[in-house]
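Architecture at a glance
Chain residues, written in single-letter form:
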Amino acid sequence: MKKIKYMRLWATLLTFCLSSAVIAADQKNVVDQKKAAPQQDFVKVNGTRFEKSGKPYYIAGTNMWYASYLGATTKVGNRTRLAKELDNLKALGVNNLRVLAVSEKSDINSVVKPATTNGFGNYDEELLKGLDYLLAELAKRDMTVVLYLNNYWQWSGGMSQYMSWVDGKPMQDPNVTKDWEGFMARSASFYQSEKAQEEFRKTVKKIITRVNTVNGKAYTSDATIMSWQLANEPRPGNNSTTDKEKKIYVDWINGITAYIKELDPHHLVSTGSEGLMGSVRDEKLFIDAHSGKHVDYLTYHMWIRNWGWIDKTNFAGTWDAGWAKGKEYLTSHIAIAKIIGKPIVLEEFGLDRDGGAYDIKSATKVRDQFYTQVFEVLWTPMQQGEPIAGYNFWAWNGSARTARPNYWWQEGDDLMGDPPQEEQGMYGIYDSDASTIAIIKAFNTKIQSLNK
Ligand code: IFL
């Protein structure tokens, strides 16, 4: 009897010592990571501007949601292409990419395949290594990245797919059902689902606390990452969003941004919001969503054709009125950022090729005019030190090409800036779009003159 008691005592003591050692090692790890962080290199907020290494840091960026996919060594990856695209972008003066960090597996047609997450807790390590590789390649080129951790829209699975995993109901493809209101309500139910939130936090932790398999850096101490972004275009709900749903949305932003800062106090955190058009046109809601202490800067997107302000089949007849709205949208958000006292980034905008064509050989006269005018509107306040801290155009198609006569993506096709929920070639800029590229390059040169 006595012997058994002693054995138990020893076992308890041993367990205690071992778990204390594990906790101590864990704490040491966190302390080491914090110590290891070369803090001066992180993009930081100073008032209404970004700074990096003690200098102003204006974003001259693009969207390349698929960049981490190209870093994978599996079939979907293409490291040679990735290097070429990054070199081309660097030569264009691009210093920042906005990239999708995780995707969720879904069977509907409009979703990218494969996915990084194949069900709760079931990650594709090879795709995650693609993200590691991308970060290492960006670091070599002194570029930074905004990584978004979810998607309100269907093309990467996103919030809607989370909900399908929670309740087992199949995901609906709004491209097929045409029920965008229903789809948006479903995506927004994600904020209220305890199970979805628990699983989302696990994924957030998995990514943020990752150690890069290519360069050995803890993500938390990697200054290549400019910002963790909650999602691509999170909205509070559909066009009938209630006050209660607005509050749930703001509470969600405050809760999840606090959680991210707990895991990683050095990196900036942003929402990925479109601005007023993604906030049921409610200015107070947009302000509330970006006023929390863990939201470091504001984001907004401008989609002049998606929102029906101009008609792609009648650019000439709808341009003046449409552009007036677009211009107002661009400037009014800078004024809101001033009220909140944080920087703002125009992190998406784009326009169709002439006549709404998808063909790579079709003209881009109106798009070029649009890019020129957007850049003109941004440049004046930028020079005057207003809170506009940069831009990311949507999106970089680079050397990708589609051979599909109907322009719809299928698994195995080249990945490009136009995601699988849209026709390939709709908004993305190809490496052969010389006139648009020249306009981007000229503006980036101006922006870089501020980063001194
Ligand atoms: O492809 C779309 C993407 O989902 C987004 N905003 C608009 C893009 C073009 O329609 O985030």
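Here the structure is a predicted model, which is why all the values come from computation and not from measurement.

1. What to know about the side chain of Thr-299
Take Thr-299: it is sitting in strand β9 (residues 298-302). Its relative accessible area of 0% is what places Thr-299 among the buried residues. Here the side chain of Thr-299 touches Thr-271 through a polar contact of 3.5 Å, side chain to side chain. Here Ser-273 takes part through its backbone nitrogen, which lies 2.9 Å from a polar atom of the side chain of Thr-299.

2. Observations regarding the site of the ligand
Taken together, the neighbourhood of the ligand is formed by Trp-153, Trp-155, Asn-232, Glu-233, Trp-303, Asn-306, Glu-348, Trp-394, Pro-419, Glu-422 and Tyr-427. The contact in question runs from an oxygen atom of the ligand to an N or O atom on the side chain of Asn-232, over 2.9 Å. Take Glu-348: an N or O atom from its side chain is 2.7 Å from a nitrogen atom of the ligand. Relative to its free-state accessible area of 290 Å², the ligand is covered by the protein chains to the extent of 97%. According to the grid-proximity analysis, the pocket containing the ligand is the largest pocket. Classifying every residue of the shell around the ligand gives six nonpolar, two polar and three charged.

3. A few points about the sheet that holds strand β4 (residues 59-63)
The eight strands lie next to each other as β8-β7-β6-β5-β4-β11-β10-β9, forming an open sheet whose pairing is parallel. Both edges of this open sheet fall to β8 (268-270) and β9, since each of them pairs with a single strand only. Taking the axes of each pair of neighbouring strands and ignoring which way they run, one obtains an average angle of 25° across the sheet.

4. Some points on empty space enclosed by the protein
Taken as a whole, this structure holds one cavity of 30 Å³ or more when the rule is applied. Along the lines of polarity and charge, the residues of the lining of the largest cavity split into five nonpolar, three polar and no charged.

5. So, the pairing of strand β2 (residues 49-52)
Of the two faces of β2, the one lined by Phe-50 and Lys-52 is fully buried and the one lined by Arg-49 and Glu-51 carries no buried residue. Summarising the sheet, strand β1 (residues 44-46) and β2 pair through three bridges and their orientation is antiparallel. In the sheet register, Asn-46 faces β2, and the bridge partner there is Arg-49. The turn linking β1 back onto β2 is made up of two residues, and Gly-47 within it adopts a positive phi angle of 65°. In this sheet, strand β3 (residues 55-56) lies alongside β2 in antiparallel orientation, the contact comprising two bridges. When the bridges of β3 are listed, Lys-52 appears paired with Lys-55.

The rules behind each value
- Residues numbered from 1 in each chain as written.
- Predicted model: local features only at pLDDT ≥ 70, side-chain atom pairs only at ≥ 80, totals over all residues.
- Heavy atoms only, no water.
- Helix = DSSP H or I, 4+ residues; strand = E, 2+ residues; numbered from the N terminus.
- Buried < 20%, exposed > 50% of the residue type's maximum accessible area, 1.4 Å probe, protein only.
- Polar contact = N/O pair within 3.5 Å; in protein donor to acceptor, adjacent residues only side chain to side chain.
- Near = heavy atom within 4 Å.
- Areas by Shrake-Rupley, 256 points an atom, 1.4 Å probe, with all protein chains shown as cover.
- 1 Å grid on protein atoms, 1.4 Å probe; cavity = no way out; pocket = protein on both sides within 12 Å on 5 of 7 lines; lining within 4 Å.
- Sits in = over half its atoms within 2 Å of the grid points.
- Nonpolar A, V, L, I, M, F, W, Y, C, P; charged D, E, K, R; others polar.
- Pairing = 2+ DSSP bridges.
- Axes fitted to C-alpha atoms, helices over the stretch in contact; angles between N-to-C directions.
- Points joined across faces, edges and corners; volume = space filled by probe spheres on them.

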